[in-house]
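Structural characterization, general
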Amino acid sequence: IRLCFEIDGLPLMLCYVNTYQLRNGLVCKLTGDTFCPVIPNSDSSSITVILNDLHSSALGGHLGFKKLLKAVSSRFYWKGMHVSVKTFIKRCPVC
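Let me begin by describing the structure that accompanies this report. (Residues numbered from 1 in each chain as written. Predicted model: local features only at pLDDT ≥ 70, side-chain atom pairs only at ≥ 80, totals over all residues. Heavy atoms only, no water.)

1. So, the sheet that holds strand 5 (residues 34–37)
As summarised here, the arrangement of the three strands in space is 3-4-5, forming an open sheet in which the pairing is antiparallel. At either end of the open sheet lies a strand with only one pairing partner, and these are strand 3 (20–23) and strand 5. Each strand axis lies, on average, 45° off the axis of its neighbour in the sheet, ignoring direction. Direction of pairing for strand 4 (residues 26–31) relative to strand 5: antiparallel, over a ladder of four bridges. By the bridge assignment for strand 5, Leu30 is matched with Phe35. (Pairing = 2+ DSSP bridges. Helix = DSSP H or I, 4+ residues; strand = E, 2+ residues; numbered from the N terminus. Axes fitted to C-alpha atoms, helices over the stretch in contact; angles between N-to-C directions.)

2. So, the nonpolar core
One finds Leu51, Leu68, Val72, Trp78, Met81 and Val85 to be the most contacted residues of the largest nonpolar core, which totals 13 residues. Secondary-structure elements contributing two or more residues to this core are helix 1 (44–55), helix 2 (65–73) and helix 3 (81–91). (Core = buried A, V, L, I, M, F, W, Y, C linked by side-chain atoms within 4.5 Å. Buried < 20%, exposed > 50% of the residue type's maximum accessible area, 1.4 Å probe, protein only.)

3. Focus on the packing of helix 1 against helix 2
It is the contact of helix 1 with helix 2, at a shortest axis distance of 10 Å, that shows an interaxial angle of 120°. Our classification of the angle between helix 1 and helix 2 gives oblique. Here helix 1 and helix 2 pass one another in a crossing that is right-handed. Within the contact between the two elements, helix 1 uses Leu51, Leu54 and His55 and helix 2 uses Leu68, Ala71 and Val72. In terms of residue class, the contact of helix 1 with helix 2 is made up of five nonpolar, one polar and no charged. (Parallel < 35°, antiparallel > 145°, perpendicular 65-115°, else oblique. Left-handed = near helix turned anticlockwise from the far one by under 90°. Contact = heavy atoms within 4.5 Å. Nonpolar A, V, L, I, M, F, W, Y, C, P; charged D, E, K, R; others polar.)

4. Observations concerning a nonpolar patch on the surface
A contiguous nonpolar patch, built from Tyr20, Leu22 and Val27 and spanning about 330 Å² of accessible area, is present on the exposed surface. Following the sequence through the fold, Leu22 ends up in strand 3. (Patch = residues over 30% accessible without salt bridge, like charges linked within 9 Å, V, L, I, M, F, W, Y side chains within 5 Å. Areas by Shrake-Rupley, 256 points an atom, 1.4 Å probe, with all protein chains shown as cover. Salt bridge = Lys/Arg side-chain N within 4 Å of Asp/Glu carboxyl O.)

5. A closer look at the packing of aromatic side chains
On inspection of all chains with the given rule, the structure shows zero aromatic pairs. In this structure, Lys86 is placed above the aromatic ring of Phe65, and the distance from its NZ or CZ to the ring centre is 5.1 Å. (Phe/Tyr/Trp six-rings, centres within 6.5 Å; stacked < 30°, edge-to-face > 60°. Lys NZ or Arg CZ within 6 Å of the ring centre and 35° of its normal.)

6. Quick notes on helix 3
One full turn of an α-helix is made of 3.6 residues, so residues set three or four places apart face in the same direction. Listed as buried for helix 3 are Met81, Val85, Phe88 and Ile89. With its buried residues spanning 95° around the axis, helix 3 presents them on a single face. Turned more than 90 degrees away from the buried face of helix 3 sit Val83, Lys90 and Arg91, all of them exposed. Of the surrounding elements, those touching the buried residues of helix 3 are helix 1 and helix 2. (Arc of directions from axis to C-beta.)

Laid out in structure tokens, this is it:
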């Protein structure tokens, strides 16, 4: 982390250095100690497929919010992920 702006000795914004990288042609974000592919918010069909695969498939087992969020966030990143996961689970007819 590095200081980006300072006024009267007080930091206004912190910047994260090396948070994003281009890996194998994909923009990836550092999440914990792993780089996860960034899914554009405009690509809602991919987000739906990801959530469906990790929640509704035989492997997913209809995980609850916390477990599904952990499973998704360890593999992918997109802005608003918490809301997407919560909304997806609320709309799941089985859950």
